[in-house]
Every structure is written in C-alpha cells, then in structure tokens.
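The residues making up each chain are set out below.
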Amino acid sequence: VLDVEMRDGDPNNFRMRGGIGMVATRLSAEGPVIKDKSSFIGGFRTTYSDWILGLINVPEVQRSSVTFYDANLRYTHRFNENNQIILSGYSTRDNTVFNDEFGFEYSTNGGQISYKKVINPQLLSTLSVTVSEYEAIGRELRDSVTSAQLTTRYQYLKVKEVLSYNPDEDLSIQGGFSGIFYRIA
C-alpha cells in the first residue's frame, strides 16, 4: 500500500515555482483562498521529449513518441481549530507510440474528500471518501482489418474512518474501518 499525502498550501502567502528542462517542465502554485481559513496547492508537469527521439539515427525510433503529464490540486478549509475539510484531485496520462505501429496509453484520475475533527486534544477523527480510475489502452496503429485494441479499466471507491488517539507525544494509537469497492471493466 502506498499512502501519499499532499501537504496543505500556505494559508498566508501566495507563491509559484516552476522549471523548464530539456525534456520536461513543471509549475506549482500555492496560497490562501480565504486568509487564515483556506488554502490551495497545485502542480502540473509535462514532457516534450519527442525531439530527442528525432536525434536518434534509427527510423523506427524517429517515428516514435513518448509523452506524459500529471496534475494535482488540494484545497483545505478550516472551519475552526477543531474542524476542517480537504478536497484533493490527481490526474496523469502517459502515451507511448513506437514506429507509428503500436502504442500504449495509461491514465489515472482520482479525487478525495476528507473531514477532520478534533474531538479532544488527544483524539482526532478523519473520515475520507476516495474515488479513482485507472485505464490502460494498447493498440495497433496500422490501418488494417486485423488491427486490435485492448482496453482495461479499474474503478475504485473507498470510505475510511480513522480514530487517532495520542495520549502523549511518544504514543499514538490508531483504529478504524474502511470499505473498498472495485469495478473492473
């Protein structure tokens, strides 16, 4: 299990960062939406690496392509010191073509809403609902009666409640429940 949690955006100051490289570029931004109450953080990356394939002196490689992008966004709103809601989303797509003959495309899209409630200074409740979809497509690109395409899609819905009990700084006890629904198409 991979559990990646994005940090909250800066609730007081707006800031942007970015970079341009030889094969990829990135841009991120964060800042307040309502000062001291809500914030956002988001980022985007993409590649433009096909020009490198054109430098390789192999015709099949020159007729190939490799691209991707990914984007994420998180919005956090604090109603008061004991209650907050978090909305987050993620999207990615990879596309590979070899010699204009066949290709692979992969994508993942997901979103989550979480509600965090401080019950008392030692007890925190986190309720979250997560949805996600993964799709993979393999296809032949030649114009032919025998060309084929294979598409696989997985959809995911998860509801999770976690209670975190922290009686002191050296001890943390967590418990809860989760239910997951998968759909394979």
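K.L.:
Any chance you could explain the overall build of the chain here in plain terms?
P.N.:
Broken down by element type, the chain carries 2 helices and 9 strands. Starting at the N terminus and walking to the C terminus, you meet the elements of the chain as β-β-β-α-α-β-β-β-β-β-β. In terms of its C-alpha atoms, the chain occupies a principal-axis envelope of roughly 65 × 40 × 30 Å. Put simply, the chain has 185 residues, and 25% of those count as buried. Long-range contacts, defined as pairs at least 24 residues apart, comprise 47% of the intrachain contacts of the chain with a sequence gap of at least 6. Side chains of the chain carry 19 positive and 22 negative charges; the gap between the two charge centres is 4 Å.

K.L.:
Mind showing me how you'd approach the packing of aromatic side chains here?
P.N.:
What describes a pair of aromatic rings is the distance from one ring centre to the other and the angle between the planes of the rings. In the structure shown here, the tally under the stated rule is 6 aromatic pairs. A network of ring pairs unites the aromatic residues Phe98, Phe102 and Phe104 as a single cluster.

K.L.:
I tried to follow the pattern of salt bridges on my own but got confused; where do I start?
P.N.:
Close approach of charged atoms lets side chains of opposite charge pair. Here the structure, examined in full by the defined rule, presents 10 salt bridges. Notably, a salt bridge pairs Arg15 with Glu30, separated by 4.0 Å at the nearest N-O pair. Note that Arg15 is positioned in strand β1 (residues 15–20) and Glu30 in strand β2 (residues 24–34), a separation of 15 residues in sequence. Taking the relative accessible area as the measure of exposure, Arg15 reaches 31% and is therefore partly exposed.

K.L.:
Even after reading the chapter, I still don't get the side chain of Ser65, so can you show me in this structure?
P.N.:
You can see Ser65 is positioned in strand β4 (residues 65–80). Engagement of the side chain of Ser65 in a polar contact is seen with the side chain of Asp50, the distance being 2.7 Å.

K.L.:
Quick question: what am I supposed to make of the side chain of Ser125 here?
P.N.:
Structurally, Ser125 can be placed in strand β7 (residues 123–140). Engagement of the side chain of Ser125 in a polar contact is seen with the side chain of Glu161, the distance being 2.6 Å. Contacts of Ser125, omitting those with residues within four sequence positions, involve Tyr115, Lys116, Lys117, Ile119, Glu161, Val162 and Leu163.

K.L.:
Can you walk me through unusual backbone geometry in this structure?
P.N.:
Negative phi characterises most residues that are not glycine, and trans characterises most peptide bonds. A positive phi is found at Asp36, a non-glycine position, where the angle reads about 65°. Looking at the secondary structure, you find Asp36 in the loop between β2 and β3 (38–47). Given a relative accessible area of 52%, Asp36 falls into the exposed group. The backbone of Asp100 shows a phi angle near 50°, a positive value even though the residue is not glycine. Within the element layout of this structure, Asp100 appears in the loop between β5 (83–98) and β6 (102–120). Classification of Asp100 as partly exposed rests on a relative accessible area of 48%.

So, how was this worked out
- Residues numbered from 1 in each chain as written.
- Predicted model: local features only at pLDDT ≥ 70, side-chain atom pairs only at ≥ 80, totals over all residues.
- Heavy atoms only, no water.
- Helix = DSSP H or I, 4+ residues; strand = E, 2+ residues; numbered from the N terminus.
- Buried < 20%, exposed > 50% of the residue type's maximum accessible area, 1.4 Å probe, protein only.
- Contact = heavy atoms within 4.5 Å.
- Lys, Arg positive; Asp, Glu negative; His and termini not counted.
- Charge placed at Lys NZ, Arg CZ, Asp CG, Glu CD.
- Phe/Tyr/Trp six-rings, centres within 6.5 Å; stacked < 30°, edge-to-face > 60°.
- Salt bridge = Lys/Arg side-chain N within 4 Å of Asp/Glu carboxyl O.
- Polar contact = N/O pair within 3.5 Å; in protein donor to acceptor, adjacent residues only side chain to side chain.

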